[in-house]
Amino acid sequence: DRPDRERPRLLAEEPAQAARLLREGLALWRGAPLAELGDSFCQQSLATQLREARGVEGDIEEAIAWTRRAAQQGFAGAQQDLAGAYWEGLGVDRDAGKAYFWASLAVKYEEDAKDRKNLLTLKRMFGRELSAERRAEIDRDATRWRPRYE
């Protein structure tokens, strides 16, 4: 069903879309093996499956570990999820500073303008618990931060 819906886009020579769809298909077929090879999209997909106990036994700590691996590679969706985990204390100790940091990175790495705007709203919400000095320090750290690829 989905390949049929996406075929016109692929035929219009959108290689980025084709690559994303291929990764999604591979993630469903071989999620854990590709995640272990360092594919950030598959790492985040596996983390979501573990967090939501979809087709696997739920394990929030392992989900956070996979989310962190994907986030450290600059994957904005994983950075957003990690920010939310720190904000809510889900699988990690609640930490508004770390939530603000990962939200800052998600804003930096998100390619979609609408999603980036929503992430900026989240970042501001997380920052309300921090002093202006602490926010500035975290913003400097986020500016210097670089992805680490496996």
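Please read all numbers here as calculations on a predicted model, not as lab measurements.

1. Examining the pattern of salt bridges
Under the definition given, this model contains 6 salt bridges. Two residues, Arg94 and Glu129, come together in a salt bridge whose shortest N-O distance is 3.0 Å. Taken together, the positions of Arg94 in the loop between helix H5 (76–88) and helix H6 (96–109) and Glu129 in the loop between helix H7 (113–127) and helix H8 (132–144) put the pair 35 residues apart, joining distant regions of the chain. Classification of Arg94 as partly exposed rests on a relative accessible area of 43%.

2. A closer look at the nonpolar core
Leu82, Tyr86, Phe101, Trp102, Leu105 and Phe126 are the most contacted members of the largest nonpolar core, which totals 22 residues. Of all elements in the fold, only helix H4 (60–71), H5, H6 and H8 reach the threshold of two or more residues within this core. Among the elements that make up this core, the one with the highest residue count is H6 (7 residues). Excluding anything up to four places from it in sequence, Trp102 contacts Ala71, Gln72, Gln79, Leu82, Ala83, Tyr86 and Trp145. Counting residues in each nonpolar core, the second largest holds 5 residues, with Ala47, Leu50, Ala63 and Trp66 among its members.

3. Brief notes about the packing of H4 against H5
Between H4 and H5, the least distance of the axes is 8 Å, while the angle of their chain directions is 135°. With respect to H5, the element H4 is oriented oblique. In this structure, H4 meets H5 at a crossing whose hand is left-handed. Residues Ile64, Thr67, Arg68, Ala70 and Ala71 of H4 pack against Ala78, Gln79, Asp81, Leu82, Ala85 and Tyr86 of H5.

4. Notes on the packing of aromatic side chains
Tallied over the full model, the rule gives 4 aromatic pairs. Residues Trp102 and Trp145 carry aromatic rings whose centres are separated by 6.0 Å and whose planes lie at 75° to one another, so their mutual orientation is edge-to-face. Residue Trp102 is located in helix H6, and its partner Trp145 is located in the segment after H8; the two are separated by 43 residues in the primary sequence. Taken individually, Trp102 and Trp145 each receive the classification buried, so the pair is uniform in this respect. Residues Tyr109 and Trp145 carry aromatic rings whose centres are separated by 5.7 Å and whose planes lie at 80° to one another, so their mutual orientation is edge-to-face. Here Tyr109 is found in helix H6, whereas its partner Trp145 is found in the segment after H8, with 36 residues between them in sequence.

5. Details of the environment of Ala65
Of note, Ala65 is situated in helix H4. Along the backbone, Ala65 and Gln43 are 22 residues apart, and their C-alpha atoms lie at a distance of 9.3 Å.

6. Examining the side chain of Gln43
Mapped onto the elements of the fold, Gln43 is located in helix H3 (residues 40–52). Here the side chain of Gln43 touches Gln73 through a polar contact of 2.8 Å, side chain to side chain.

7. With respect to the environment of Arg146
Structurally, the position occupied by Arg146 is in the segment after H8. On the basis of relative accessible area, Arg146 is assigned to the exposed category, the value being 52%. Between the alpha carbons of Arg146 and Leu105 there is a distance of 9.5 Å; along the sequence they are 41 residues apart. Once you skip the residues sitting within four places of it in the chain, Arg146 turns out to touch Lys108 and Tyr109. There is a polar contact of 3.1 Å between the side chain of Arg146 and the backbone oxygen of Thr143.

Calculation criteria
Residues numbered from 1 in each chain as written. Predicted model: local features only at pLDDT ≥ 70, side-chain atom pairs only at ≥ 80, totals over all residues. Heavy atoms only, no water. Salt bridge = Lys/Arg side-chain N within 4 Å of Asp/Glu carboxyl O. Helix = DSSP H or I, 4+ residues; strand = E, 2+ residues; numbered from the N terminus. Buried < 20%, exposed > 50% of the residue type's maximum accessible area, 1.4 Å probe, protein only. Core = buried A, V, L, I, M, F, W, Y, C linked by side-chain atoms within 4.5 Å. Contact = heavy atoms within 4.5 Å. Axes fitted to C-alpha atoms, helices over the stretch in contact; angles between N-to-C directions. Parallel < 35°, antiparallel > 145°, perpendicular 65-115°, else oblique. Left-handed = near helix turned anticlockwise from the far one by under 90°. Phe/Tyr/Trp six-rings, centres within 6.5 Å; stacked < 30°, edge-to-face > 60°. Polar contact = N/O pair within 3.5 Å; in protein donor to acceptor, adjacent residues only side chain to side chain.

So far we have only geometry, and geometry alone does not tell us how the molecule works.
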